[in-house]
Protein chains: 2
Amino acid sequence: MNRKPSPDHLLLDQQLCFALYAASRSVTGLYRPLLDPLGLTYPQYLVMLVLWEQDGLTVRELGQRLQLDSGTLTPLLKRLEAAGLVSRQRRKEDEREVDIRLTDTGLALRDQASGIPECLAQCMQLSLDQMQTLRDELKRLTRQIQLSQRED
Amino acid sequence: MNRKPSPDHLLLDQQLCFALYAASRSVTGLYRPLLDPLGLTYPQYLVMLVLWEQDGLTVRELGQRLQLDSGTLTPLLKRLEAAGLVSRQRRKEDEREVDIRLTDTGLALRDQASGIPECLAQCMQLSLDQMQTLRDELKRLTRQIQLSQRED
DNA sequence: AAAAATTGAATTGTACACAATTTAATTTTG
DNA sequence: CAAAATTAAATTGTGTACAATTCAATTTTT
């Protein structure tokens, strides 16, 4: 009567969070050999994706897009700058803001990256449809969590 | 004729990887206020989950379960030891292996953690069924990726 | 307009991740 | 059995994450 059953809810394999955490690191690992030749880490690749889509954003705008703060982005962007892929310039209009722009080298790197998404899709063995569904579920989850956090 | 259209495949919002990465960090963020009172970080919580399920594993076995290597686990376990939650002992049978065991404090912490999974489920606004489906899709993805990586 | 509040980056400090190397213990081989 | 190979942790080094603080620039208030 003193022995309670192990609480199933605390079993690792039951956790959605761990499935997410493991899947995320696992996917990052898939990118590594593809990004190594470009001299990029995975988070750096994400920054480049944003800039290839829209060049000339501030650190704050990049942070909003990627959900990362300056503590993460500032050193990362300095590394991209050191690698010659982006430039960092204080804005004339507001000296608090720092403008991040692709260099020619940074822009040119896009061509080398263009094959990566398809390569990844292959490895994951998901149909385009399955990928979109999963992606959209994850986006919904992220949005929901961010909503629930604003309520504090 | 020299202008090619922006390759849709490189758009951030198209990326499953980013949806995963964002969702994972977002969920970890949800755990933070719940784990803070227990003095645990999220990866430390995962280690505790494993030990609550099966006590007395080696670093290697913990690593297999969580897909983490000793470079991550050794310092993490030292912090758990410093917090008085686990003990680290070389195995008599094989001095290369280090046995990780819950202390009484570590075991007792399970009760304080037992409400966390339900709390999380609430925040995520997913039915039990949706959660299981998503979790299983992610597990399948992780397994698939690990298979595709062994092929190198 | 001057003081107070706000904002955007940068900095500081802690804690992962993970590749690569090192060290010590055990197994396997010649 | 001794040398070589293997194995498990630990260590080293780089690069995120993220909370908290600092600093400078801009806005808002009084």
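Residues numbered from 1 in each chain as written. Chains lettered and ligands numbered in written order. Predicted model: local features only at pLDDT ≥ 70, side-chain atom pairs only at ≥ 80, totals over all residues. Heavy atoms only, no water.

Some words on the overall build of chain A
Helices and strands together make up the secondary structure of chain A, namely 7 helices and 3 strands. In chain A, the succession of α and β elements from N to C terminus is α-α-β-α-α-β-β-α-α-α. The C-alpha radius of gyration computed for chain A amounts to 20 Å, which surpasses the reference 15 Å derived for 152 residues by more than 25%, pointing to a less compact arrangement than a globule. The dimensions of chain A, computed from C-alpha atoms along their principal axes, are 70 × 40 × 25 Å. Looking at chain A residue by residue over its 152 residues, the buried ones come to 45%. Long-range contacts, defined here as pairs at least 24 residues apart, represent 52% of the contacts in chain A between residues at least 6 apart. For chain A, the accessible surface area stands at approximately 8500 Å², while carbon and sulfur atoms represent 47% of it. (Helix = DSSP H or I, 4+ residues; strand = E, 2+ residues; numbered from the N terminus. Rg over C-alpha atoms; globule rule 2.2 N^0.38 Å. Buried < 20%, exposed > 50% of the residue type's maximum accessible area, 1.4 Å probe, protein only. Contact = heavy atoms within 4.5 Å. Areas by Shrake-Rupley, 256 points an atom, 1.4 Å probe, with all protein chains shown as cover.)

Examining the side chain of aspartate 99 of chain B
Residues and elements named next belong to chain B. Take aspartate 99: it is sitting in strand 3 (residues 98–102). Within the local environment of aspartate 99, its side chain forms a polar contact with the side chain of arginine 91, the two groups lying 3.3 Å apart. Setting aside anything within four residues of it in sequence, one finds aspartate 99 in contact with Gly56, Leu57, Thr58, Ser87, Arg88, Gln89 and Arg91. (Polar contact = N/O pair within 3.5 Å; in protein donor to acceptor, adjacent residues only side chain to side chain.)

Section: the pairing of strand 3 (residues 98–102) of chain A
All names here are of chain A. Most of strand 3 is tucked away, with 4 of its 5 residues classed as buried. Sheet topology note: the strand 1 (residues 57–58)/strand 3 ladder contains 2 bridges and is antiparallel. Note that in strand 3 the partner of leucine 57 across the bridge is isoleucine 100. When strand 2 (residues 86–90) meets strand 3, the two strands line up antiparallel, connected through 5 bridges. Note on strand 3: the bridge partner recorded for serine 87 is arginine 101. (Pairing = 2+ DSSP bridges.)

Comments concerning unusual backbone geometry
Even without a glycine there, the phi angle at glutamine 125 of chain A is positive, about 55 degrees. Looking at where glutamine 125 of chain A falls in the secondary structure, it is placed in the loop between helix 6 (116–124) and helix 7 (128–150). For glutamine 67 of chain B, which is not glycine, the phi torsion reads 60 degrees and is therefore positive. You can see glutamine 67 of chain B is positioned in the loop between helix 3 (59–66) and helix 4 (70–82).

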